[in-house]
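# Chains, contacts and geometry: an overview
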Amino acid sequence: MFLNASEAAWEESSGAASLLSLDQPEDSLPSDIPPLSVWGVALCISGTLIAAENAIVVTTILATPSLRAPVFLLLASLGLADLLAGVALILHFLFLFCLQPSHWSELLTSGLLVTSLTASLCSLMGVALDRYLSLSHALTYGSSQSRRRAAVLLLLVWLGAGAIGAGPAMGWNCLNEPASCSVARPLTRTYLSLLCGGFLLVVAITLQLYAGICRVARRHAHAIATQRHFKPAHQSYASKHSSGRGFSRLILVLSVFVGCWMPFSIWGLLGDASSPPLYTYATLVPAAGSSLLNPLLYSLRNKDIRKVLLQACCPHRCTHNMHTHNPVDV
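Structure report, in brief. (Residues numbered from 1 in each chain as written. Predicted model: local features only at pLDDT ≥ 70, side-chain atom pairs only at ≥ 80, totals over all residues. Heavy atoms only, no water.)

## Brief notes about the environment of alanine 184
The test is simple: Every helix listed is a DSSP run of H or I at least four residues long, and every strand listed is a run of E at least two residues long, numbered separately from the N terminus. Whether a residue is buried, partly exposed or exposed follows from its accessible area with a 1.4 Å probe, protein chains only, as a fraction of its type maximum: under 20%, in between, or over 50%, in that order.
As for its placement among the helices and strands, alanine 184 is situated in the loop between α4 (144-165) and α5 (189-225). Alanine 184 gets classed as buried once you look at its relative accessible area, which sits at 0%. Once the C-alpha coordinates of alanine 184 and proline 277 are considered, the two residues, 93 residues apart in sequence, prove to be 8.8 Å apart.

Below is the structure:
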């Protein structure tokens, strides 16, 4: 599905983003493995980087018993989803340039990418929900009951993502009907339209949650402002400076989030098999690139995760105990 990046794809008369001409029967697929291209090398390197950095995040969280708050379960789910996206890109490279490409390999990589990106987007929505609840219900959120609810929610997310990703392999593909192909073959236009519509819905819910976070933070800031006359001037300045930094980080997170997911979600609804592949690649690269940026924007910004990593790299420098979960760190 994503990043079918052989140079032959750019020469297809149909314009659909796919390596193989799917209007040919399977026995007529090319027998020669295509030559290695710069795009193929970039594909393999990006997949390796995505898989490596997210493997570090997932291993860090799972290997640290103190990282069991709901937010860390969500970050582990996000890291696992992005890890699978990196593995899918590597598999795509191997099937394309090292092994004999076939329809089943297309279905495998497409299904894995759909599953991973769906789980990644839903995990991002879960992170936003965690931020909102940790601010609006600070006294009760983070208990063992909240952790169980988060675990059940993530289980449902992964079951749903797996079911959605299994669609192409279960027959919802355009391998036998090229006219029904979308901008990302082998997905049908109906399938991709429903998928992108779901993506836009999740994006809208996530933005609404961040709007709620801003409202709660504004109320907290107002409550603190009423007590400013009890504080020294330098503390008041520090509080304002911290709030400004928090707002800047929020703008950065939202900008990356919308910039990564909106282009392909809209293009998947508007385009079809006759659309220029350049536009498909241009909108798919940010969506796949989100898996590279997520660890930097979410997991590695958390003080507890950074402390565990620093302790693993430089144990003699880490003499303090782990901090408890702080929603501002996430």
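Having put the structure on the table, let's press on.
## Some details on the packing of helix α3 (residues 103-136) against α4
Applicable threshold: The axes are straight lines fitted to the C-alpha atoms, using for helices just the contacting stretch, and the angles between their N-to-C directions are given from 0 to 180°. Note on terminology: angles under 35 degrees are roughly parallel, angles over 145 are roughly antiparallel, angles of 65 to 115 are roughly perpendicular, and the others are oblique. Two helices cross in a left-handed way if the nearer one is turned anticlockwise from the farther one by less than a right angle. They cross in a right-handed way if the turn is clockwise. In what follows, residue pairs with any heavy atoms lying within 4.5 Å of each other are defined as contacts.
Between α3 and α4, whose axes approach to 8 Å, the crossing angle comes to 150°. Taken together, the axes of α3 and α4 lie roughly antiparallel to each other. Relative to α4, the crossing made by α3 is right-handed. Residues Gly111, Val114, Thr115, Thr118, Ala119 and Cys122 of α3 touch α4, and the partners they reach there are Val157, Trp158, Ala161, Gly162, Ile164 and Gly165.

## A look at the pattern of salt bridges
How we decide: In what follows, salt bridge is the name for a side-chain nitrogen of Lys or Arg lying within 4 Å of a carboxyl oxygen of Asp or Glu.
Within this structure, the stated rule accounts for one salt bridge. In this structure, the salt-bridge partner of aspartate 272 is arginine 189, at a minimum N-O distance of 3.9 Å. Separated by 83 residues along the polypeptide, aspartate 272 in the loop between α6 (233-270) and α7 (277-297) and arginine 189 in helix α5 bring together distant segments of the chain. The partly exposed category is assigned to arginine 189, whose relative accessible area is 34%.

## Topic: the state of the cysteines
Which entries qualify depends on this criterion: Throughout, disulfides are identified as pairs of cysteine sulfur atoms within 2.5 Å of each other.
According to the stated counting rule, one finds one disulfide in the structure shown. Here cysteine 174 is linked by a disulfide to cysteine 181, with a sulfur-sulfur distance of 2.0 Å. Disulfide cysteine 174 to cysteine 181: torsion about the S-S bond roughly 95°, handedness right-handed. The exposure class of cysteine 174 is buried, given its relative accessible area of 0%. You can see cysteine 44 has no disulfide; the closest cysteine sulfur is in cysteine 98, sitting 7.8 Å from it.

## Let's talk about the packing of aromatic side chains
Note the threshold: Any two rings among Phe, Tyr and Trp, with Trp reduced to its six-membered ring, count as a pair given centres within 6.5 Å; such a pair is stacked if its planes are under 30 degrees apart, edge-to-face if over 60, and tilted if neither.
With the rule as written, the count across this model stands at five aromatic pairs. Ring centres of phenylalanine 93 and phenylalanine 97 lie 5.4 Å apart, and the angle between their planes is 45°; on these two criteria the pair is classed as tilted. In this pair, phenylalanine 93 and phenylalanine 97 are both assigned in helix α2 (residues 70-97), four residues apart and thus about one turn of the helix distant. Since its relative accessible area comes to 11%, phenylalanine 97 is described here as buried. Between phenylalanine 95 and tryptophan 104, the aromatic rings sit 5.3 Å apart at their centres with planes inclined by 75°, giving edge-to-face as the arrangement.

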